[in-house]
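Examination of the molecular architecture
Given next are the chains, with one letter for each unit.
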Amino acid sequence: MHSIAQRIAPGQKTSRHFILEQFLADGMRHMFGQPGTVEQGFLDALWEYPELQYILTLQETVAVMMADGYARCTHKPTLVQIHSTPGLGNSIGALYQAMRGHSPLVVIGGDAGIKYQAMDAQMAGDLVAMAKPVTKWSTMVMDPSSALRVLRRATKIAGTPPMGPVYVCLPMDILDEAGVENVYPTLLPSTRVVPERGQIREAAKMLAAASRPMIFVGDGIAFSNAQEELARVAEMLGAEVWEADAGEVNMSYRHPLYQGSTGHMFGYSSLPTTTKGDVNLVCGTYMLPEVFPELGSIFAEGAKVIHIDLNLYEIGKNHRVDLGLLGDPKLSLAALAEELESLQWPDLKQSAKARSEKLARQKEAKRNSEFEKDKQARDAVPMHMARFMEELAPQLPDDAIIFDEALTNSPAVSRYFAPKKGGQYFLTRGGSLGVGIPGVMGVQLANPGKTVFGFTGDGGSMYTIQALWTAARHKIGAKFVVCNNHSYRLLQLNVSAYWKERGIPQHQFPLSFDLSKPELQFAGMALAMGVPATRVEKPEQIKPAIREALATEGPYLIELVLEGDMRPDLIGVRCGQ
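Residues numbered from 1 in each chain as written. Predicted model: local features only at pLDDT ≥ 70, side-chain atom pairs only at ≥ 80, totals over all residues. Heavy atoms only, no water.

Let's shift gears to the side chain of Ser15. With respect to the helices and strands, Ser15 occurs in helix α1 (residues 15-25). If we skip the residues at most four places from it in the chain, Ser15 touches Pro144, Ile174, Leu175, Glu177, Ala178 and Gly179. (Helix = DSSP H or I, 4+ residues; strand = E, 2+ residues; numbered from the N terminus. Contact = heavy atoms within 4.5 Å.)

This is the structure:
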C-alpha cells in the first residue's frame, strides 16, 4: 500500500484510480459497499488508497442504510457502492427511504460494460431507469473523458437542498480505460438565501395579528441548523410547534412549546391539530406526510398559511398557501424574528406570554400523567419499554446519541431521553423497515468515541440482521436494542385504527402480524455473528445488561422481551396460516 503522497505513476492510472481520487478530494473517507464481479477491478484499486475505508456489508440494503445513518449525522455527500442489476434491485427500498428523508447519498453501481449492452447478457438491465424513481438523479458514465465531471455533478446534486440520493452507473470498460480528466473538489453552492425584506415583513404582520398562531416544521430546520431561530419565533408568538415529516431534532423536546408530531398513518388524526390555528407558519417540510392523507382542506376556514422553504416543490404542493417564500430556514426565521420584534407592542407580548404559559402547564401535566402510568406497569412481566428507558437514561453520558426505529416504543424512548439539540436523536424516516441496525452503525462511524444506542423491533431487525456481522468485522461500537414483542406491533395498531374507521368490530389480529412461532432468538443470532449479547426478560436483568453493554468496547446487543399481543397456539393450526 502507498501513502496519500505515493500514488501510482500517472501513465499507469486508469479511470478507476482517478475516480477514487475524486472521492478523496471531496472529503469522502468511507465507502459503504457490497462487492460483485463487475466491480472487481475497481475494488482492487482500493489497495492504493488506504485513506478510503471500505465498510463491507453482506447485502446492498445494509450498505445504503448504513450510509443513510452516516449522512444524517454529517449532512454531507456519502459514498455507497453496489452491484449491478440484482444489487440495485436489492437497494430500491433503502434508496426510497433515503430519498424521502433527503439523505445526500452518492451511489455508484457496476455494469459489465457499454460494449456488452446490445447482448442482453446475464445481469443486463436498464439500471438508470431502475434507479430513477428513488433518486434525485440517475445516470451512466458513457466515456472516460466525462467520468469525473459526472461524479462531481452527482455529488453536487446529492448535497444541494433538497438533498437526496443519486445513482451513477460506472461500466467496467469505462473504468479500465485511461483517465484524462483532472481531479478537483466538487463545488457545493451556498443556499444561504433569505426572502426579500418586504415579504418577511408581510409574514410578520400576518403572524403578529394571529390569536391562535401555529408552527409546523420538518427536517429542513435541522439541515439548516435553525433550531434556535425556530424557538425564538415560537416564543415571540406563543405558538405551538408541531413536526411533520421529521426524523431529526428540530426543536428541543423539552421546550414547553414543542408539541410532538402530526399523524403518521391517517390524515384525519392530524386534523384536530392543523385546524387549530388562524395563522399557520410552515417551514422546512410539507403538509402532510401521512400514508392515507386528508384529501380536503387541512386548515381552518379563513386561516392564513405562510410557507418558508428551500424546496420550492413542497410549497403549496397539496394545500393552499397564502404566502410562499424561498429561503434558508435559519436566515429566514432570524429575519422573521427581527420583524416580529419591531411589531411586538405590549398586548401582543402579553398574549404570547399567556399562550406560552398555558401550553407549558398543559405539557407538564401530560408528562406527569405519562410517568404515573409508567409506574403502574413498572414491575410487569412481560415488560414495558418505559421500564427499560427508566434504567437506561440515567446511565447515558450527556453526549449520547439514539437512533430509533422501534416506532411503537418511541414515545417511551423520547419520554426518558428527551433530546435537546440536533444530532442527539434520529427517528426512522421513509417507511422502509430494517434501518435500525445499519442506521445506528452509520451514526456511530460518524461519531467515534460517543455512546450510540440503536432501537429496532423484532420484525424490522430481521430485514438487516446480517449487519451485525459488519459491526463485528469493523469493530463498530454501537449498542443495539431489539424490542422483541413477537409481532409487527405497528401493523396491529394500524389495523385497529382501520377497524374503528370502518366500523368493524375489534377481533383477532391477522396471524401474518404474529412473529411468535418459531421464536426468534436475537441474542443467539448476534453471538453467531461475533457480537456479544444478552437476553433481558425481567426487570431485574435490565441494569446489569446496560452496564455490560456500556462497558463493552465494541458492539453489543440487548434483546429486550416486551409485552405483546400474539397467538402462537393458532399458528400452523388454522388453514393457510
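Once that is clear, we can look at the sheet that holds strand β7 (residues 213-217). Spatial strand order, β9-β8-β7-β10-β11-β12: six strands in an open sheet with parallel pairing. Two strands in the sheet have a free side with no partner beyond their single neighbour: β9 (258-261) and β12 (323-326). This sheet shows a mean twist of 20° between the axes of neighbouring strands, independent of strand direction. Sheet topology places strand β11 (residues 304-309) next to β12; four bridges connect them, and they run parallel. When the bridges of β12 are listed, Ile308 appears paired with Leu325. Lying over the sheet, helix α10 (residues 227-237) contacts β7, β8 (240-243) and β10 (279-283), oriented at roughly 165° with respect to β7. (Pairing = 2+ DSSP bridges. Axes fitted to C-alpha atoms, helices over the stretch in contact; angles between N-to-C directions.)

Moving on, we come to the nonpolar core. Core analysis: the biggest nonpolar cluster contains 69 residues, and Ile215, Leu336, Met385, Phe388, Met389 and Phe455 have the highest contact counts within it. Core analysis: the next-biggest nonpolar cluster, separate from the first, contains 49 residues, Val80, Tyr167, Ile401 and Val452 among them. (Core = buried A, V, L, I, M, F, W, Y, C linked by side-chain atoms within 4.5 Å. Buried < 20%, exposed > 50% of the residue type's maximum accessible area, 1.4 Å probe, protein only.)

Counting buried positions along α1 yields ten of eleven residues, so the element is predominantly enclosed. Those residues of α1 not exposed but buried are Ser15, Arg16, His17, Phe18, Ile19, Leu20, Glu21, Gln22, Phe23 and Leu24.

Turning next to the packing of aromatic side chains. The description of an aromatic ring pair uses the distance of the two centres, along with the angle that the planes make with each other. Counting across every chain of the model gives eight aromatic pairs. Each ring, one from Phe266 and one from Tyr268, has its centre 5.6 Å from the other, and the planes form 20°; the classification is stacked. An aromatic cluster of three or more residues is present, and its members are Tyr253, Tyr258 and Tyr425. Over the aromatic face of Tyr286 sits the side chain of Lys317, whose NZ or CZ is 3.9 Å from the ring centroid. (Phe/Tyr/Trp six-rings, centres within 6.5 Å; stacked < 30°, edge-to-face > 60°. Lys NZ or Arg CZ within 6 Å of the ring centre and 35° of its normal.)

Turning next to the sheet that holds strand β2 (residues 53-56). Pairing is parallel in the open sheet, where six strands are placed in the order β2-β1-β3-β4-β6-β5. Across the chains shown, the open sheet's two edge strands, defined by having one partner strand only, are β2 and β5 (137-140). Averaged over neighbouring strand pairs, the angle between their axes works out to 25° when direction is ignored.

The next subject is a positive patch on the surface. Together, Arg254, Arg367, Lys420, Lys421 and Lys450 make up a region of like positive charge exposed at the surface. Note on placement: Lys450 falls in the loop between α16 (436-446) and β15 (452-457). Relative accessible area serves as the criterion here: at 33%, Lys450 is assigned to the partly exposed category. (Patch = residues over 30% accessible without salt bridge, like charges linked within 9 Å, V, L, I, M, F, W, Y side chains within 5 Å. Areas by Shrake-Rupley, 256 points an atom, 1.4 Å probe, with all protein chains shown as cover. Salt bridge = Lys/Arg side-chain N within 4 Å of Asp/Glu carboxyl O. Lys, Arg positive; Asp, Glu negative; His and termini not counted. Charge placed at Lys NZ, Arg CZ, Asp CG, Glu CD.)

A word on helix α13 (residues 346-376). With 31 residues, α13 extends 46 Å from end C-alpha to end C-alpha; this agrees with the ideal 45 Å at 1.5 Å per step. Every buried residue of α13 is listed here: Leu348, Ala352, Arg355, Ser356, Leu359, Phe371 and Asp374. (Expected span 1.5 Å × (residues − 1).)

Turning next to the pairing of strand β4 (residues 105-111). Buried residues dominate β4, accounting for seven of its seven residues. Neither face of β4 is left uncovered, since the one carrying Leu105, Val107, Gly109 and Asp111 and the one carrying Val106, Ile108 and Gly110 both have all their residues buried. As paired elements, strand β3 (residues 78-82) and β4 share five bridges and run parallel to each other. In the strand pairing of β4, Val80 is matched with Val107. In this region the chain leaves β3, passes through helix α4 (residues 85-100) and returns to the parallel neighbour β4; the handedness of that crossover is right-handed. Pairing between β4 and strand β6 (residues 166-171): six bridges, direction parallel. Across the sheet, Val106 pairs through a bridge with Val166, a residue of β6. (Right-handed = clockwise from strand over helix to strand, strands pointing away.)

Before going further, it helps to examine the pattern of salt bridges. Taken as a whole and judged by the stated rule, the model has 23 salt bridges. With a closest N to O distance of 2.8 Å, Glu314 and Lys317 form a salt bridge. For Lys317, a relative accessible area of 30% gives the class partly exposed. Put simply, Arg535 and Glu519 hold a salt bridge, and the shortest N to O gap is 2.7 Å. On the criterion of sequence distance, the pair formed by Arg535 in strand β17 (residues 533-536) and Glu519 in the loop between α19 (489-502) and α20 (522-528) is long-range, its members being 16 residues apart. Through salt bridges that share partners, Arg72, Asp219, Glu248 and Arg429 make up one connected network.

This next bit is on a nonpolar patch on the surface. On the surface, a nonpolar cluster with roughly 250 Å² of combined accessible area is contributed by Val193, Leu312 and Leu326. Inspection of the secondary structure puts Leu312 in the loop between β11 and β12.

Mean pLDDT over the protein: 94, with 97% of residues reaching 70 or higher. Counting contacts from residues 1-5, a segment whose pLDDT is below 50, to residues more than four positions away or on other chains yields six contacts. (pLDDT = per-residue confidence, 0-100.)

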